[in-house]
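# Structure at a glance
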Amino acid sequence: MQLYPYQQRVKDLILNGTSVVLQAPTGSGKTRAALAPFIEGFFDRPATVPRKCIYVTPMRVLANQFYAEYHQLAASYYRRHGKRLDVRIQTGEQPDDRRFEGNLIFCTVDQFLSSYLMMPYSLPYRLANVNAGAFAGAYLVFDEFHLFDPEAALPTILYVLQQLKGLAPVMLMTATFSGNMLQALANLLHPAEIVTLSVDEITAINTRGNKPARQRVWQVPDTPLQAAAVLAAHRHASMVICNTVRRARELYLDLKQQAPEGTEIILLHSQFLPSDRRRIEERLRKLLGIGAPREQVNLIIVATQVVEVGVDISVEILHTELAPPASLIQRAGRCARYPGETGVVIVYPVDRYAPYAFKDNNLLKKEMDLTLDWLKSKQGQLDFTDEQALVNAVSTPRDRQVIGNIQANRQNRQSNIHRCLDGFREGASRLLVRDVDSRTLLIHHDPDQLLASPYDAIGLNIPLYSLRSMVKEWLQRPVTVPWRVRRLDESEAGDQLENNRPLYRWVDVRDGRDLEAAALIVVHPALAGYSEQEGFLPNVGHLPFLSTLPPATTLIDRTTFGLRVEPYRDHIQRVLQAFRDLALSELHFAANALERVAGWQRGSVLCAAWLACLFHDVGKLSVGWQQWAHAYQQAIGQPIDQKVALAHTTFDRQNPIHAQEEQQVSQHYQRPRHAAEGALAVARILAEALPHQELVKATLTAIARHHAPFVRNCQSFKLVDNAKDVIKDTLQFLPKDVTCHANPDMLWQQVDTGQVSQFADLLTRPTDRYGWIAYSLLARALRRADQRGTEMGCEQATP
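Nothing here was measured: the structure is a model prediction, and the numbers come from that model.

Quick look at the nonpolar core now. Judged by nonpolar contacts, the single largest core of 120 residues is most densely connected at Ile54, Phe112, Phe142, Phe145, Phe579, Leu611 and Phe615. Broken down by element, the residue count for this core peaks at 14 residues, all from helix 17 (residues 568–598). If you look at the next biggest cluster of nonpolar residues, it comprises 102 residues, including Phe66, Tyr70, Val297 and Val350.

We now examine the sheet that holds strand 15 (residues 342–348). The sheet built from seven strands is open, its strands ordered 12-13-11-14-15-10-16 with mixed pairing. Either end of the sheet is taken by a strand with one partner, and the two such strands are strand 12 (264–268) and strand 16 (380–381). As defined by bridge partners, strand 12 adjoins strand 13 (residues 299–303) across five bridges and the pair is classed as parallel. The residue bridging Ile265 from the neighbouring strand is Ile300, located in strand 13. Contacting strand 10 (215–219), strand 11 (237–241), strand 14 (317–321) and strand 15, helix 11 (residues 325–332) crosses the sheet at an angle of about 160 degrees to strand 14.

Before going further, it helps to spend a moment on the pattern of salt bridges. Within the structure shown, the criterion is met by 36 salt bridges. Salt-bridge contacts for Arg331 lead to Glu308; the nearest nitrogen and oxygen are separated by 2.9 Å. You can see Arg331 sitting in helix 11 and its partner Glu308 sitting in the loop between strand 13 and strand 14, a full 23 residues away along the chain. Residue class for Arg331 comes out buried when judged on its relative accessible area of 0%. Residue Glu308 is classed as buried on the basis of its relative accessible area, which comes to 1%. In this structure, Glu677 and Arg673 form a salt bridge, with 3.8 Å as the shortest nitrogen-oxygen distance. According to the relative accessible area criterion, Glu677 is buried, its value standing at 1%. Among the ionic contacts, a cluster of salt bridges with common partners joins Lys52, Asp86, Arg88, Asp97, Glu101, Glu586, Arg780 and Arg784.

To continue, consider the sheet that holds strand 2 (residues 53–57). With parallel pairing, seven strands are arranged side by side in an open sheet as 5-6-2-7-8-1-9. Taken across any chain shown, the strands that pair with only one partner, and hence form the sheet edges, are strand 5 (87–90) and strand 9 (192–196). Sheet twist, expressed as the average angle between the axes of neighbouring strands with direction ignored, equals 15 degrees. When strand 2 meets strand 6 (residues 104–108), the two strands line up parallel, connected through five bridges. By the bridge assignment, Ile54 is partnered in strand 6 with Ile105. Contacts from helix 3 (residues 60–76) reach strand 2, strand 5 and strand 6, with the element oriented near 165 degrees to strand 5.

It is worth spelling out helix 23 (residues 693–704) at this point. Working note: α-helix, 3.6 residues per turn, so residues spaced by three or four point in the same direction. Compared with an ideal rise of 1.5 Å per residue, which puts twelve residues at 16 Å, helix 23 spans 17 Å between its outermost C-alpha atoms and is within 8% of the ideal. By the criterion of burial, helix 23 is predominantly enclosed, with ten of the twelve residues buried. Inspection of helix 23 places Leu695, Val696, Lys697, Ala698, Thr699, Leu700, Thr701, Ala702, Ile703 and Ala704 among the buried residues, and these make up the whole buried set. Check the buried side of helix 23 and you find it contacts helix 18 (604–615), helix 21 (675–681), helix 22 (683–689) and helix 25 (769–795).

Here the focus is the environment of Glu281. Tracing the backbone through its elements, the reader meets Glu281 in helix 10 (residues 274–288). Note on Glu281: relative accessible area 3%, which makes it buried.

Okay, the packing of aromatic side chains next. Tallied over the entire structure, the rule returns 22 aromatic pairs. Centre to centre, the rings of Tyr70 and Phe106 are 6.0 Å apart; their planes meet at 40 degrees, and the pair counts as tilted. Of the two residues, Tyr70 is situated in helix 3 and Phe106 in strand 6; the sequence distance between them amounts to 36 residues. Assessed through its relative accessible area of 0%, Phe106 is described here as buried. With a centroid separation of 5.3 Å and 85 degrees between ring planes, the pair formed by Phe112 and Phe142 is classed as edge-to-face. Within this pair, whereas Phe112 is found in helix 4 (residues 109–116), its partner Phe142 is found in strand 7 (residues 139–142), the two being separated by 30 residues in sequence. Both residues of the pair, Phe112 and Phe142, belong to the buried class.

Looking now at the environment of His418. The residue His418 is located in helix 14 (residues 410–421) in this model. For the pair His418 and Thr767, spaced 349 residues apart in sequence, the C-alpha separation works out to 8.4 Å. Ignoring sequence-local partners within four residues, the contact set of His418 consists of Tyr159, Arg765 and Thr767.

At the junction of His190 and Pro191, the peptide bond is cis and its omega measures out at 0 degrees in the coordinates. Looking at the element boundaries, Pro191 is found in the loop between helix 6 (179–188) and strand 9. Note that the residue after Ala354, namely Pro355, is joined by a cis bond; omega there is 5 degrees. For Met118, which is not glycine, the phi dihedral falls at a positive 60 degrees. Here Met118 is to be found in the loop between helix 4 and strand 7. The phi dihedral of His542 falls on the positive side, at around 60 degrees, and the residue is not glycine. In this structure, His542 sits in the loop between strand 23 (535–537) and strand 24 (562–563). What makes His542 exposed here is its relative accessible area of 68%.

All right, on to the pairing of strand 21 (residues 520–523) then. Neither face of strand 21 is open: one carries Leu520 and Val522, the other Ile521 and Val523, and all of them are buried. Strand direction decides the pairing type here: strand 17 (residues 438–443) and strand 21, joined by four bridges, are parallel. Residue pairing in the sheet places Ile443 in a bridge with Val523 of strand 21. Looking at chain direction, strand 19 (residues 485–489) and strand 21 are connected through three bridges and run antiparallel. Residue pairing across strands places Arg486 opposite Val522, the latter belonging to strand 21.

About the criteria used
Residues numbered from 1 in each chain as written. Predicted model: local features only at pLDDT ≥ 70, side-chain atom pairs only at ≥ 80, totals over all residues. Heavy atoms only, no water. Core = buried A, V, L, I, M, F, W, Y, C linked by side-chain atoms within 4.5 Å. Buried < 20%, exposed > 50% of the residue type's maximum accessible area, 1.4 Å probe, protein only. Helix = DSSP H or I, 4+ residues; strand = E, 2+ residues; numbered from the N terminus. Pairing = 2+ DSSP bridges. Contact = heavy atoms within 4.5 Å. Axes fitted to C-alpha atoms, helices over the stretch in contact; angles between N-to-C directions. Salt bridge = Lys/Arg side-chain N within 4 Å of Asp/Glu carboxyl O. Expected span 1.5 Å × (residues − 1). Phe/Tyr/Trp six-rings, centres within 6.5 Å; stacked < 30°, edge-to-face > 60°.

Structure (structure tokens):
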């Protein structure tokens, strides 16, 4: 299908490397405008267009819809030149791409920000530095940008875009922003172009197929939203949108009691399991989607903000509680959505302004009050031009304040961001992703059964502000249970011992403050439960649902369940092969882009990645590590020739003898760390081989943190006598075309067999922009290659 004129303008700009701020009405094809240049470039311009697109949405339902659409298109049409477009989704309820490994990834903003800030909600603490590098050099698209929290998520996103500036074009899309905000965003992304639609373009889109334009009539009653008003206006298809899940549940139950026989009532909010959400959404699309016979249904939908975007359905009557103008316009997009339709949007006043405003002097509360007054004065038919007039009239003061706050709070925000990047999550996380900050909630009477891989357990994604009030009530409820609420303690799960075996435990939650630094929460099933029809029920216990673990083959990291003994030489060969097969293609575009903007030598970043993989386990060649490894293999009855340097030992989590012998051996041979120690051992090599100081530091840090993501120090060490020979033997696995600043064949001579103190200060995280980008890229490439190489070793027969 031919692109609309504005879509073609966007495509030309993006393919030319220019970032775009797009404003277009709902239903006008913004998603296609954003993805058309990426898909064409992916197949036809691989050298000049990013190999990865991260499509960020404010809500899971939007990501779900786009993923379903483009995953199907990829399977049917997106295959050319022997290549396939790998389309994936990463949300709290559908974490199918925890490491952002696809080509086109639809994700929610909390997944994006938490991953960049090295506190990924999708991964355990010990893997905190895996995802940040996925965004460097990727084409980043932010849809419905006006829905991002202007005091937290929005300025943090803009900080990220400033850091990644120049590596790839960026696309910001909105249906509703004031002119001031559009220009401010374009200035921050400079060079960037603002693309808007003319009245003629909008009319042409709305009347496509020779149908009359859609029409919406807006009404504003004086009383709050009640079930009786919904039933009085109902004809065939109605939707009710509440501002909170609690309010939606209450109204749903009222309608179930008062609706006449034959009227179907469906509840949809954010606190459903993914399978039930998909089931409900699919039924709604079948009944109310494009081409559906809406006049034959008798249906009332009760929902929350989850339907503001992404649910492609249309109703005759839409009832909504008062919300900020951008949200109201998005909600109205579910009414008379398709050409030729007419509908009514009814906006009701509210007594409480949650979750948008919690204080009387809040500027957003004032904006909502102004919105209600404006709509009362303009009741009747409104089109996109009128909607923009509403936004400009009531949102401009707040937009100006937001812009001013972004500039005024820049230093404080940057300080908070750096605290996150250094591993300090408390406090900073709430400041950075406040309104999109959520936690995974599990339900289980014996949560220790989930400790083998707690991040894989099936649970519910609950906003932190909602969870706090739930926890307060659970702790006070008069019921007898052995425990009430617990959080996952990861203080010993950062792989500080560097043995791929994180130590998790559950700790009782004392009050809401304990929730902030925890990613996983579990509640006793006597206090809360789950229903397929109503979703999560925080006030109803003793229901059948319990959180469970999926099959072992789908877990985040299968190597935590067991390893096989593996010689050092074989492991390095497998890691280099894994880097070539798994990580190299993703890294190539980003590496070239970084070299271009930083003015670095061509090929230097790829050289650093190869060397990081080659040398990452040199620390295991220490006398202490080899003594421990061989003693342990002897103890479990699987001795290995002492002349063979080892990289892994055999360990089966299900075999109690292995854990027992490991503990016994450690009493005589303390297992030393190896990551930071190995980084210092090869520091001279990297200084010789890499032409840029920032890149040397980035590579050292990537090696030092390929187990514990925030390690800042090292132990004393001494390499075995034949360490240089072992390392020299692995140089044959380095591809001959790797471009280094020094001759790779001579590098092994620069290995330091003891700790080199003058390089110890290089173990801290790079803080300059280009060094940070390089570190994020190298840490990601190394950790992915190391895990895959280790899995390959486990798949081979034991020597």
